[in-house]
Amino acid sequence: PGSLAACGLPVCCTANTVPTNPEDAAGFWGDYRDCDSPLHAIDDALDHIATQHRDLDFVYYTGDIINHRGWGTSFSSNTEDMTLILDRLDAAFPNVPVYPALGNHEPHPLNVFAPLEIQDEAFSTQWLFDLSAQLWERWLDEDALATVRRGGYYTILARPGFRIVVLNSNVAYTMNWWLIYDDVDPYGQLQWLADTLYKAEQNGEKVHILSHVPSSDSTCYAVWSREYRRVLERFAGTVTGAFNGHSHVDELILYHSIENPTQPISVAWNGGSLTTFSDKNPNYKLFLVDPESFEVVDYDVWAYNITYVNLTPDIPPNWFRLYSFKEAYGLSGAAPEDVRQLAINMAKDR
């Protein structure tokens, strides 16, 4: 708070910067300019969620703990920050399992996930996978931790008949320069995904898929998106929801059948972001899921207004329910068919 919020660098509001003009000073609870959120704002958000929603079944955390000061990362600082935030998540939700995914900012240098054959410690990503296994073991079993150590991905049976699959989709991020070295699917994740979904299908399980970089996003390697979509279509009857991060914005991806382009098969929901980077109000989503089909039936978005809350820095932010998906768009639900109808409505009536 009070640091320079208009600095001309990729990220502002950093320590030891002093604005010349008062209007260039960062607000106490965050700033719309190219700034991340301060730690006390993250603490407030976790306190609010834990207090407001006392009947949570699961927490999905879709990655990016490290700030956007990408030139200032290190093995030690990334380790410190990941430990800090994951400990805070654990403390905020002591009786609720948290299922985390890696973001593209977690490695050092950021964005790069090296193939397994790269053993040199200066370039290998193994330190991050080992650290993640160490920090996530409070929520995962040993089978899940084994694949976390291999490539930062895992699956876990969250309850009878319901499985969660977490992918490290950052390997397909277009700024993962190791794709230039070798663009074959690192860590064999997509084959593992297909095998895992096949077993889930055989066992009559429904599945949620979590990842950071959304497939079909402009920053996701096109071949990965194509092959992921093939897997998704094959197991459309098993996968009942997908959840992404990365973009910071309130958006969704509607997948259609390759063979039948008018047939919707799946929806990937983006969780929004607690960071204000950039031009964002801190926000999160509360998903309502059918307890038998495990399909998303609705979600609420909660947020607060940065301009308003910065007027009273000594008072905690006034979080409010911004909207319900079903109510705002006049839908009967949030199934792929409902989302397709929304897209048609938007195209017909702007």
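Residues numbered from 1 in each chain as written. Predicted model: local features only at pLDDT ≥ 70, side-chain atom pairs only at ≥ 80, totals over all residues. Heavy atoms only, no water.

### Brief notes about the domain arrangement of the protein
In terms of domains, the protein is made up of domain 1 (1–35) and domain 2 (39–348). In this structure, domain 1 and domain 2 have C-alpha centres spaced 29 Å apart. At the interface, 13 residues of domain 1 touch 24 residues of domain 2. For the pair domain 1 and domain 2, the summed buried area comes to about 1,400 Å², and 61% of that belongs to carbon and sulfur atoms. On the surface where domain 1 and domain 2 come into contact, there are zero salt bridges. Summed over the shared surface of domain 1 and domain 2, the result is 13 residue pairs in polar contact (both at pLDDT 80 or more). (Domains from an automatic or database assignment. Contact = heavy atoms within 4.5 Å. Buried area = accessible area lost by both parts, 1.4 Å probe. Salt bridge = Lys/Arg side-chain N within 4 Å of Asp/Glu carboxyl O. Polar contact = N/O pair within 3.5 Å; in protein donor to acceptor, adjacent residues only side chain to side chain.)

### Section: the pairing of strand S9 (residues 283–289)
Note that S9 and strand S10 (residues 296–303) share seven bridges and pair antiparallel. Pairing of Phe-287 across the sheet is with Tyr-299, part of S10. Linkage of S9 to S10, two consecutive antiparallel strands, is achieved through a turn of six residues, within which Phe-294 is found at a positive phi near 60 degrees. (Pairing = 2+ DSSP bridges. Helix = DSSP H or I, 4+ residues; strand = E, 2+ residues; numbered from the N terminus.)

### Remarks on the nonpolar core
Considering soluble globular proteins, one finds that nonpolar side chains tend to be buried as a cluster. In this structure, Phe-93, Trp-136, Leu-140, Leu-193, Ile-209, Tyr-228 and Trp-269 are the most contacted members of the largest nonpolar core, which totals 88 residues. It is helix H3 (residues 126–136) that provides the largest number of residues to this core, a total of seven residues. Once residues within four sequence positions are removed from consideration, Leu-140 is found in contact with Tyr-99, Leu-145, Val-148, Tyr-154 and Ile-156. (Core = buried A, V, L, I, M, F, W, Y, C linked by side-chain atoms within 4.5 Å. Buried < 20%, exposed > 50% of the residue type's maximum accessible area, 1.4 Å probe, protein only.)

### Topic: the sheet that holds strand S7 (residues 252–256)
Two modes of strand pairing occur in sheets, parallel and antiparallel, and in both the strands are linked by backbone hydrogen bonds. What the six strands build is an open sheet, ordered S3-S4-S5-S6-S8-S7; its pairing is mixed. A strand with exactly one partner marks an edge of an open sheet, and here the two such strands are strand S3 (154–159) and S7. Neighbour-to-neighbour, the strand axes of this sheet turn through a mean angle of 20 degrees, independent of strand direction. Here five bridges tie S3 to strand S4 (residues 162–166), and the two strands are oriented antiparallel to one another. When the sheet's bridge partners are listed, Tyr-154 is paired in S4 with Val-166. (Axes fitted to C-alpha atoms, helices over the stretch in contact; angles between N-to-C directions.)

### Some words on the UniProt feature "domain: Calcineurin-like phosphoesterase" (unreviewed entry) in the protein
Annotation from UniProt places "domain: Calcineurin-like phosphoesterase" (unreviewed entry) at residues 38–249. End-to-end, the C-alpha atoms of residues 38–249 are 19 Å apart, and along that stretch the chain is 40% helix and 13% strand. (UniProt positions renumbered as here; feature names shortened; annotations may be inferred.)

### Brief notes about the environment of Gly-30
With respect to the helices and strands, the residue Gly-30 is situated in the segment before helix H1 (39–52). Note: C-alpha distance between Gly-30 and Asn-78 (48 residues apart in sequence) is 21 Å. Ignoring anything within four residues of it in the chain, the contact list for Gly-30 reads Pro-38, Thr-276, Ile-306 and Asn-310.

### Concerning the packing of H1 against helix H2 (residues 75–92)
Taken N-terminus to C-terminus, the directions of H1 and H2 make an angle of 25 degrees; their axes are 10 Å apart at the nearest point. Judged by the angle between their axes, H1 and H2 are roughly parallel. Between H1 and H2 the crossing geometry is right-handed. Residues Leu-39, Ile-42, Asp-43, Leu-46 and Ala-50 of H1 form the contact with H2, whose participating residues are Leu-84, Ile-85, Arg-88, Leu-89 and Ala-92. Of the residues in the contact of H1 with H2, the class split is eight nonpolar, no polar and two charged. (Parallel < 35°, antiparallel > 145°, perpendicular 65-115°, else oblique. Left-handed = near helix turned anticlockwise from the far one by under 90°. Nonpolar A, V, L, I, M, F, W, Y, C, P; charged D, E, K, R; others polar.)

### Topic: unusual backbone geometry
A cis geometry characterises the amide bond from His-108 onward to Pro-109, with omega recorded as -5 degrees. Along the chain, the position of Pro-109 falls in the loop between strand S2 (98–100) and H3. A cis geometry characterises the amide bond from Phe-277 onward to Ser-278, with omega recorded as -20 degrees. Among the secondary structure elements, Ser-278 is positioned in the loop between strand S8 (264–270) and S9. We note that Asn-111 has phi near 80 degrees; this positive angle belongs to a residue other than glycine. Positive phi outside glycine occurs at Asp-279, with the angle close to 65 degrees. Along the chain, Asp-279 turns up in the loop between S8 and S9. By relative accessible area, which is 61% here, Asp-279 ends up exposed.

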